[in-house]
Every structure is written in structure tokens, then in C-alpha cells.
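# Breakdown of the fold
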Amino acid sequence: MPSKVRGNRRHTDQAPHSPRVLLLVDFINPLDFPGADQLAPAALAAAKATARLKQRLAAEGVATIYANDNYGFWRSDFRRLIEICGSRPGACGELTRALAPSPDDITILKPRHSAFYGSPLELLLAEMGAHELVICGLATDMCVQMTAADAFLREFRCWVPSDCTAAESEEAKETSLRYLSSVLKCEVHPSFEAPAGTSTSD
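Residues numbered from 1 in each chain as written. Predicted model: local features only at pLDDT ≥ 70, side-chain atom pairs only at ≥ 80, totals over all residues. Heavy atoms only, no water.

### Looking at the environment of Leu53
Within the secondary structure, Leu53 sits in helix 1 (residues 36-59). For the pair Leu53 and Phe192, spaced 139 residues apart in sequence, the C-alpha separation works out to 7.9 Å. Those residues in contact with Leu53, other than ones at most four positions away along the chain, are Leu22, Val134, Cys136, Trp159, Pro161, Cys164 and Ser191. (Helix = DSSP H or I, 4+ residues; strand = E, 2+ residues; numbered from the N terminus. Contact = heavy atoms within 4.5 Å.)

### Considerations on helix 5 (residues 140-153)
Spanning 14 residues, helix 5 covers 18 Å between terminal C-alpha atoms, matching the ideal 20 Å at 1.5 Å per step. Its buried side turned inward, helix 5 meets strand 2 (20-25), strand 4 (106-110), strand 5 (132-138), strand 6 (157-159), strand 7 (165-166) and helix 6 (170-182). Just past helix 5, the residue Glu155 takes up positive phi, approximately 65°. (Expected span 1.5 Å × (residues − 1).)

### Quick look at the nonpolar core
One recurring pattern in soluble globular proteins: nonpolar side chains tend to sit buried together. Leu22, Phe27, Leu53, Leu95 and Cys136 are the most contacted members of the largest nonpolar core, which totals 30 residues. Secondary-structure elements contributing two or more residues to this core are strand 2, helix 1, helix 2 (78-86), helix 3 (90-98) and strand 5. With near-sequence residues (within four places) excluded, Leu95 lies in contact with Phe27, Leu31, Ala43, Leu44, Ala47 and Leu138. Counting 29 residues, the second largest nonpolar core, distinct from the first, contains Ala15, Cys143, Ala148 and Leu180. (Core = buried A, V, L, I, M, F, W, Y, C linked by side-chain atoms within 4.5 Å. Buried < 20%, exposed > 50% of the residue type's maximum accessible area, 1.4 Å probe, protein only.)

What follows is the structure, encoded as C-alpha cells:
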């Protein structure tokens, strides 16, 4: 069952034209799974770096899409998820408050690891005229890598800023970044180094 595109736009509104899209994966996160304590400090650092990158890209006209797990609840709502996570103490609340969506952002819910699987993401990106993705999120070696793999199969150009993603260990993150670079042909420069040849418009 595919998720619906949600956000503060009316459903009748067209998606914005954005050849380049910032895709944020699972940053709105309850952090209540085994290994979350190991992930949390790096996740918060990645969220803060992503918030700075998001602000910079927004000024360049780059649209943002949040793709988040529904955590098994098909009646869940992205706004409610933000309320729940944002009200929690510790890293969960800090993550949400650091990267809460703005009114112009698009939010979708996904049922599995990849942001493409069982979600409207592919159709949405086609409507936006997107051909380049900046993928940030959690965790590097799981949902980010699987999303990048699906993007690679669909021939999107991808940049995964190394400081805007996190894993449960630095080793797991570095191993995944090497795979993203060598196999999936993603740029993996940090967010303060824009990859060569990127653009925000056709």
C-alpha cells in the first residue's frame, strides 16, 4: 500500500520544479531500536550538518523531500510523527527539532528501508523534473545505501554528503561510503564541498 504525499500543500497543488532534490531519509526517528544508543551522537551531528546544508540549498531553489519510516502504523501521519518525536527528551527530540520540515517541504512515509519502495517517491521526482539527488539520513549502511541503490538503478545522479549521514559505528559508515562511491557511483564529499558538475537548474 503506497504512502500518500503529505505536507502543508494542498493535494491539488503541483509539486515544485526542482532538477536537484534534497532527500532526507529517516531523520525523524524515535531511536528506540537496538543500537540506537550507538547511533544517536553521530545522528545528531549529521542532523545539524544537514540542517545547514538544507538552508543553503533552499536559498538555491532546491526542494526538500522527507522520506520516513511509518514504523509499522499505516494510519500514522507525518505531522503526528513529528509531534511525538519532537516532544521526547534526548537525541530523538533534538533530531526532530533540528530538522523539522518547513511549510514548503514535501513529506512521504515509506514502509521499508529504501525511500523508493512502496512509496510515491519515483512518481513525485518525475513530476518535479528531478535528475539529481542529495541523499542525507540514517543509517548510512541501511536506509541511505538502499535508497541510493534504487536511485542508481533509476539513473539519478547522487551525492551522499559524508557528514550528513550516520551509522552505528564509524567503521560501518566508512564501509558504506566506499560502496556508495565505488559501486553506486555516488559523490560522497562532505556538505561544505559541493561535488563537481552539480547544478540547481536545467
